[in-house]
Amino acid sequence: MYRLLPILMLLAASHNSEKKLENLSSFLKAAKDSVQTIRDGLETFQANVVPLMINLAGEKAGTASQSQMFEDNMA
C-alpha cells in the first residue's frame, strides 16, 4: 500500500486524473469480462471435445477389431 502513495499523490495533483482513472477502470473491466468469456468458451469447447474424442477413439478401435476379424476369417 505504501508503494502506491507516491502514485496517488501524483494523480491527486494532476489535471483530469479522475477521467483517466475512469477510462482505466473501464478498460480493466472490459479486459476482465473478455478473459472470463474466453475462459468460459474454452471450458465449453473442452467439455464438448473430450466426449467426441472418446467416441471417435472407440469407433476407431471398433473398426480396427472388425478389420482384424475379417482378415482372420479370410485366412
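So, here's what we can say about the structure.

Scoring rules and cut-offs
Residues numbered from 1 in each chain as written. Predicted model: local features only at pLDDT ≥ 70, side-chain atom pairs only at ≥ 80, totals over all residues. Heavy atoms only, no water. Helix = DSSP H or I, 4+ residues; strand = E, 2+ residues; numbered from the N terminus. Buried < 20%, exposed > 50% of the residue type's maximum accessible area, 1.4 Å probe, protein only. Areas by Shrake-Rupley, 256 points an atom, 1.4 Å probe, with all protein chains shown as cover. Patch = residues over 30% accessible without salt bridge, like charges linked within 9 Å, V, L, I, M, F, W, Y side chains within 5 Å. Salt bridge = Lys/Arg side-chain N within 4 Å of Asp/Glu carboxyl O.

1. Considerations on the overall build of the protein
Regarding its fold elements, the protein presents two helices and zero strands. Within the protein, buried positions represent 1% of all 75 residues. A total of about 7,100 Å² of accessible surface is found on the protein, and carbon and sulfur atoms cover 66% of it.

2. Quick word on unusual backbone geometry
Unlike most non-glycine residues, Asn16 shows phi in positive territory, near 60°. Counting through the fold element by element, Asn16 comes out in the loop between α1 (5-13) and α2 (17-74). Overall, Asn16 belongs to the partly exposed group, its relative accessible area being 43%.

3. Things to note about a nonpolar patch on the surface
A cluster of nonpolar side chains, contributed by Leu21, Leu24, Phe27 and Leu28, occupies part of the molecular surface with about 400 Å² of accessible area. Here Leu21 shows up in helix α2. Residue Leu21 is classed as partly exposed on the basis of its relative accessible area of 40%.

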